[in-house]
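Coordinate analysis (summary)
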Amino acid sequence: MVYTTALLFGHGVPVLSEEESVVEMIGKYLSQLTSPGRKTSSARRGSVESCDETDSNSPLYNLDAGLEHEERLLQQDVTQQIERCLTEAKASTLHCQVLLLPHQMTTKVGQDVVHFSADEPCGLRGASIKVYVECKDGLKSVGSVFPDPSVTPTFELSVILKADKDGGWPPLKHIFGTNKVLKLRPEYRLVKRKLYSSASPVIHDFH
C-alpha cells in the first residue's frame, strides 16, 4: 500500500461540532450491520506526485467518463474539502502531527460519494456530508462539507474513515513520537440518511 504524506504540515483549527445523537445513531446502525457492502477496486500504485492521474483502463475512469463536466467539478471540490477537513482536524481533533492516507484514497471517496448520491433528487448538490474518523476511543467528527450551499440538503451522507490500530509509519514515529503519527486504513464506510424520511440509513462498506 502506498501512503501519501500530503497532510504532514499545517495548523489545526476547530471544526464544526456535531449533535451527539448523530454519532449515537451511526454507532447504533453500525453495530447492527451484518453483511459487507461492495468492494472498490484497489488503488493504482504510483508516486505521490501522480495521485491526480487516472488509469484509462480502470473501471473508475469509465465511470467518471459518464459524469457531466459540472458534476466532475463538484466531485473534485468535495474531494478537496474532505482533504481540508482532515488537514484542519489534525491538531484540534485527531491530535497528530502526521496524517498518512492510502494513495488516492480521497479521490476514491469522492467518486463513491458521487455514485452514492446519484439516485437523490438533486444528486450530490442535495447532500450534507459529515466526515468522521473512527479511532480507538470512538468516532471523531472532523468536519462538514456542503457541495452546493445554495441547495437545501435532502439527505445526510456520513463518510467514516478508519484509523489503523497499528499506528503510522515507523520512521515517522521515530521522528515525531509514537502518539503524533496517525495512519488511515484503505477501508471506509458511507452511511446515507434521508433528512425528510423515516427510512433507515443505508450503509455501504468499501475496501
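Residues numbered from 1 in each chain as written. Predicted model: local features only at pLDDT ≥ 70, side-chain atom pairs only at ≥ 80, totals over all residues. Heavy atoms only, no water.

With that out of the way, let us pick up the overall build of the protein. Within the protein, the secondary structure is distributed over 5 helices and 7 strands. Reading the protein from its N terminus to its C terminus gives the helix and strand order β-α-α-α-β-α-β-β-β-α-β-β. The buried share of the protein, taken over its 207 residues, is 45%. Counted over contacts in the protein with a minimum sequence separation of 6, partners at least 24 positions apart contribute 75%. With the model as given, the accessible surface of the protein reaches about 11100 Å², and the carbon-plus-sulfur share is 52%. (Helix = DSSP H or I, 4+ residues; strand = E, 2+ residues; numbered from the N terminus. Buried < 20%, exposed > 50% of the residue type's maximum accessible area, 1.4 Å probe, protein only. Contact = heavy atoms within 4.5 Å. Areas by Shrake-Rupley, 256 points an atom, 1.4 Å probe, with all protein chains shown as cover.)

All chains considered together, the criterion is met by 1 aromatic pair. With centroids separated by 5.3 Å and ring planes inclined at 20 degrees, the aromatic side chains of Y188 and F206 adopt a geometry described as stacked. One end of the pair, Y188, is in strand 6 (residues 181-194); the other, F206, is in strand 7 (residues 202-206), with 18 residues separating them in the sequence. We note that Y188, like F206, is buried. Here the basic side chain of K192 rests over the ring of F155, its NZ or CZ set 5.8 Å away from the ring centre. (Phe/Tyr/Trp six-rings, centres within 6.5 Å; stacked < 30°, edge-to-face > 60°. Lys NZ or Arg CZ within 6 Å of the ring centre and 35° of its normal.)

Grouped together as the largest cluster of nonpolar side chains are 33 residues, with contacts concentrated most on L94, I129, V133 and L161. At the level of secondary structure, the elements contributing two or more residues to this core comprise helix 3 (69-94), strand 2 (98-102), helix 4 (105-117), strand 3 (127-135), strand 4 (138-145), strand 5 (155-163) and strand 6. Those residues in contact with L161, other than ones at most four positions away along the chain, are L86, M105, V109, Y132, V133, E134, L184 and Y188. (Core = buried A, V, L, I, M, F, W, Y, C linked by side-chain atoms within 4.5 Å.)

At a minimum axis distance of 9 Å, the contact between helix 3 and helix 4 shows a crossing angle of 130 degrees. Taken as axis vectors, helix 3 and helix 4 run oblique relative to one another. In the packing of helix 3 onto helix 4, the handedness of the crossing is right-handed. When helix 3 is examined against helix 4, the residues E71, Q75, T79, I82 and E83 are found in contact with a partner set consisting of T106, T107, V109, G110, Q111 and V114. (Axes fitted to C-alpha atoms, helices over the stretch in contact; angles between N-to-C directions. Parallel < 35°, antiparallel > 145°, perpendicular 65-115°, else oblique. Left-handed = near helix turned anticlockwise from the far one by under 90°.)

To continue, consider the pattern of salt bridges. Applying the stated rule across the entire model yields 8 salt bridges. Here E120 ties to K192 by a salt bridge, and the two come within 3.1 Å at their closest N and O atoms. You can see E120 sitting in the loop between helix 4 and strand 3 and its partner K192 sitting in strand 6, a full 72 residues away along the chain. Of the two residues, E120 and K192, both sit in the buried class. A salt bridge links D164 to K183, with the nearest nitrogen and oxygen atoms 3.5 Å apart. Separated by 19 residues along the polypeptide, D164 in the loop between strand 5 and helix 5 (170-176) and K183 in strand 6 bring together distant segments of the chain. There is no split in this pair, since D164 and K183 are both buried. (Salt bridge = Lys/Arg side-chain N within 4 Å of Asp/Glu carboxyl O.)

Here we come to the confidence of the model for the protein. Residues with a pLDDT of 70 or more make up 61% of the protein, whose mean pLDDT is 74. This stretch, residues 5-20, has a pLDDT under 50; its non-local contacts, to residues over four places away or in other chains, come to 35 contacts. Note that residues 34-56 has pLDDT below 50 and, in this model, 41 contacts with residues that lie over four places away or in other chains. (pLDDT = per-residue confidence, 0-100.)

Another point: unusual backbone geometry. Glycine aside, residues mostly have negative phi, and peptide bonds are mostly found in the trans state. Within the chain, H95 stands out as a residue other than glycine whose phi angle is a positive 55 degrees. In this structure, H95 sits in the loop between helix 3 and strand 2. H95 sits in the partly exposed class, given a relative accessible area of 48%. The phi dihedral of Q104 falls on the positive side, at around 70 degrees, and the residue is not glycine.

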